[in-house]
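A closer look at the structure
Listed below, chain by chain, are the residues.
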Amino acid sequence: MQGRVLGVQLILDTTPPTLSNATFDYLTAQTVRFTFGEDVLASLAAGDFIVTNTDTNVVVPAGEFTFSATGGSGVASIATLTHNSSAEILADGHYGVAISNVSDAAGNPLAPTNWPFFVLAADANHNHTVDSIDFNILAANFGLAPRDFSQGDFNYNTTVDTIDFNLLANNFGKSILGDASAIAHSAAVAPAVRPQTVAVATPTVAMFGAEPIVNENSLDELLNYSYGASWQTTAAFGSLIVI
Ligand SMILES: [Ca+2]
Ligand SMILES: [Ca+2]
Ligand SMILES: [Ca+2]
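Quick look at the structure, then. (Residues numbered from 1 in each chain as written. Chains lettered and ligands numbered in written order. Predicted model: local features only at pLDDT ≥ 70, side-chain atom pairs only at ≥ 80, totals over all residues.)

In this section: the overall build of the protein chain. Looking only at helices and strands, one finds 5 helices and 8 strands in the protein chain. Going from N to C terminus, the protein chain has its helices and strands arranged as β-β-β-β-β-β-β-β-α-α-α-α-α. Within the protein chain, the fraction of its 243 residues that count as buried is 28%. For the protein chain, long-range pairs separated by at least 24 residues make up 60% of all intrachain contacts whose partners lie at least 6 apart in sequence. (Helix = DSSP H or I, 4+ residues; strand = E, 2+ residues; numbered from the N terminus. Buried ≥ 20, exposed ≤ 12 C-beta atoms within 10 Å, placed from the backbone. Contact = placed C-beta atoms within 7 Å.)

Written out as structure tokens, the structure reads:
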């Protein structure tokens, strides 16, 4: 009886993993989510992801995030970092997530990767600018719960209230453009009039107009429209918005 030689085909994986998708999920928390092109689960750890405010070059402390990873053999791995609710919400600005020490089962490393995103409080529709569109969204949801960021819950406590109102008032007219080079421009076009945060009052739904505010309204027009005769000046508005 002749022996048989069984053929064994070795398939060597020499292809490094890729980052196939990345998102900043901002609706109910501030979460960055990364999907890789293949299984890299065994290599994933919280320390592989460093979040830096690229406007200030300050690293967000790792302890402010909760890390998780899912996947398995033959499955694309997903890593998420969720900014903890116990920490202040991430400050407005541009951010980059540096990803390192990620590799597939064969040891092929992910090329050094830095993924950018931006944070702008009260930008309900996430279009880089806080304007009357966002104001109308907040007004339509004021006093309601549960709501998410796109509905005016800008501090992630599920309720749209004066805290969210103040975040919007403080950022009204502010833009954060898509890349760091735009920051100077953004600052240059910031409105001269900014509400002050000095006194205490509680806006109610009744204070908001029933009709949408058109986008070309100035801040003063918007505030007069919203608050009527009792709130004719920006100064009066300023006295309204503080917690
Ligand atoms: Ca591979
Ligand atoms: Ca907006
Ligand atoms: Ca809220």
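Here alanine 145 and proline 146 are connected by a cis peptide whose omega angle stands at -5 degrees. The phi torsion at asparagine 101 lies on the positive side, around 60 degrees, for a residue other than glycine. Mapped onto the secondary structure, asparagine 101 falls in the loop between β7 (93–99) and β8 (113–119). Accessibility expressed as a C-beta count within 10 Å gives 12 for asparagine 101, which makes it exposed. Located in the positive-phi region is alanine 122, a residue other than glycine, with phi close to 75 degrees. Position of alanine 122 among the secondary structure elements: in the loop between β8 and α1 (132–141).

For the rest of this paragraph, the subject is helix α2 (residues 162–171). Of all 10 residues in α2, 8 are buried; the element is thus mostly enclosed. Buried within α2 are the following residues: Thr162, Asp164, Phe165, Asn166, Leu167, Leu168, Ala169 and Asn171. In this structure, the buried side of α2 is in contact with α1. Glycine 173 sits one or two positions beyond α2 and adopts a positive phi of about 90 degrees.

Quick look at the packing of α1 against α2 now. Packing of α1 against α2 leaves a shortest axis separation of 11 Å and a crossing angle of 170 degrees. If you check the angle between α1 and α2, you find them roughly antiparallel. Of the residues in α2, those in contact with Asp134, Phe135 and Leu138 of α1 are Asp164, Phe165 and Leu168. Tallied by class, residues from the contact of α1 with α2 come to 4 nonpolar, no polar and 2 charged. (Axes fitted to C-alpha atoms, helices over the stretch in contact; angles between N-to-C directions. Parallel < 35°, antiparallel > 145°, perpendicular 65-115°, else oblique. Nonpolar A, V, L, I, M, F, W, Y, C, P; charged D, E, K, R; others polar.)

This part is about the pairing of strand β6 (residues 75–83). Sheet topology note: the strand β2 (residues 31–36)/β6 ladder contains 5 bridges and is antiparallel. Paired with threonine 31 across the bridge in β6 is threonine 82. Of the strand pairs in this sheet, strand β5 (residues 65–72) and β6 are connected by 7 bridges, and their pairing is antiparallel. When the sheet's bridge partners are listed, alanine 69 is paired in β6 with alanine 79. (Pairing = 2+ DSSP bridges.)

With that settled, consider α1. Residues that lie three or four places apart on an α-helix share one face, since the helix turns once every 3.6 residues. Taking burial as the measure, the 10 residues of α1 include 8 buried ones, the bulk of the element. Of the residues making up α1, those classed as buried are Ser132, Asp134, Phe135, Asn136, Ile137, Leu138, Ala139 and Asn141. Where α1 ends, the next residue or the one after it, glycine 143, has phi of about 85 degrees, a positive value.

Let us now look at the sheet that holds strand β1 (residues 19–25). Across the sheet, which stays open at both edges, the 4 strands sit in the order β1-β2-β6-β5 with antiparallel pairing between neighbours. Each edge of the open sheet is held by one strand with a lone partner, namely β1 and β5. Each neighbouring strand pair of the sheet contributes to a mean axis angle of 10 degrees, computed without reference to strand direction. Looking at chain direction, β1 and β2 are connected through 6 bridges and run antiparallel. In the sheet register, aspartate 25 faces β2, and the bridge partner there is threonine 31.

Checked against the element boundaries, alanine 62 lands in the loop between β4 (58–59) and β5. Counting along the chain gives 16 residues from alanine 62 to alanine 46, while the straight-line C-alpha distance between them is 7.9 Å.

Counting residues in each nonpolar core, the largest one holds 37 residues, and the members touching the most others are Phe49, Val97, Ile99, Ala122, Leu138, Phe154 and Leu168. Where this core is concerned, the elements lending two or more residues are β2, β3 (49–53), β6, β7, α1 and α2. Formed jointly, this core draws a minimum of three residues from each of two domains, domain 1 (19–119) and domain 2 (132–240). When sequence neighbours within four positions are dropped, the list of residues in contact with alanine 122 reads Val130, Asp134, Phe154, Leu167, Leu168 and Asn171. (Core = buried A, V, L, I, M, F, W, Y, C linked by C-beta atoms within 7 Å. Domains from an automatic or database assignment.)

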